[in-house]
Amino acid sequence: MSVAESWSRVMSLLREHAPADHADLPGPATEQILAAAEERMGISLHGDLRTWLLQNNLDLPEDDVDDDVMCCGFDGFPDEGSFFLGIRAMERLYANRSTSCGFDPPDQPDYPFWRNEWIPFLSDQDGWMGKFIDVRDGRVGRWFVGGPTVTGEYESMARYFDSVAETLTRISDGSSPVCRFTEGRLVWS
């Protein structure tokens, strides 16, 4: 399944079971927005990331952005405490993580906490943990400040979105002990 098909599956499940949450999501990014972001970041977006952002650029409206937190997003999606990032939030977090030598820490090139080839697409509010896509091969990994970075947790964004769709399916059939759909929204306990 392609990233567009996997994301479409996620959106279909959200539209069916959490229409109020689905209605809050913004529309797509434009090629011009993505090209400008690539220029500012100094790196090309991976094709899967580009495809996803051209379907939904999940930046919050400017009026809803909280300058006191590192990352903002739509609360409670895809899970409690983390947010899919829109391109502005990706840029901000990427700028905070990238380093002049290309990886951090500089004395551990084979086991870095962060590489400049990784673009975050999901984070908590503080930017302490989240998921990234490796622009070199499209694999999805995760970072946690103070913990090991995991590369290749998913072979692609499509596989990751498949896991999100599976979670939404478990929630919809009532087999999730920590989340349910209530009044058109995802509600975490």
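Look a little higher up for the structure.
Residues numbered from 1 in each chain as written. Predicted model: local features only at pLDDT ≥ 70, side-chain atom pairs only at ≥ 80, totals over all residues. Heavy atoms only, no water.

Participant: I'd like a rundown of the overall build of the protein, residues and numbers included.
Facilitator: Helices and strands together make up the secondary structure of the protein, namely six helices and nine strands. Considering only contacts in the protein between residues 6 or more positions apart, those separated by 24 or more positions represent 54%. (Helix = DSSP H or I, 4+ residues; strand = E, 2+ residues; numbered from the N terminus. Contact = heavy atoms within 4.5 Å.)

Participant: I'd like to hear about the nonpolar core, residue by residue, with values.
Facilitator: Leu-49, Trp-52, Phe-84, Ile-119 and Phe-121 are the most contacted members of the largest nonpolar core, which has 49 residues in total. When residues in this core are grouped by element, the largest group, eight residues, is from helix H6 (residues 157-172). Contact partners of Leu-49, with chain neighbours within four places excluded, come to Met-90, Ile-119, Phe-121, Ile-133 and Met-157. (Core = buried A, V, L, I, M, F, W, Y, C linked by side-chain atoms within 4.5 Å. Buried < 20%, exposed > 50% of the residue type's maximum accessible area, 1.4 Å probe, protein only.)

Participant: Report on the pattern of salt bridges, specifying residues and quantitative values.
Facilitator: Enumeration over the complete set of coordinates arrives at 12 salt bridges. Among the ionic pairs, Arg-9 bridges to Asp-162, the shortest N-O distance being 4.0 Å. Here Arg-9 is found in helix H1 (residues 3-17), whereas its partner Asp-162 is found in helix H6, with 153 residues between them in sequence. Taking relative accessible area as the criterion, Arg-9 reaches 32% and is therefore assigned partly exposed. The class for Asp-162 is buried, based on a relative accessible area of 13%. Between Arg-136 and Asp-134 there is a salt bridge, and its shortest N-O distance comes to 2.6 Å. Residue classification places Arg-136 among the partly exposed positions, given a relative accessible area of 49%. On the basis of relative accessible area, Asp-134 is assigned to the buried category, the value being 2%. Sharing partners across several salt bridges, the network here consists of Asp-21, Asp-24 and Arg-185. (Salt bridge = Lys/Arg side-chain N within 4 Å of Asp/Glu carboxyl O.)

Participant: Give me the environment of Arg-88: which residues, what numbers.
Facilitator: With respect to the helices and strands, the residue Arg-88 is situated in helix H5 (residues 87-97). Each C-alpha atom of the pair Arg-88 and Asn-57 lies 9.1 Å from the other, and the pair is 31 residues apart in sequence.

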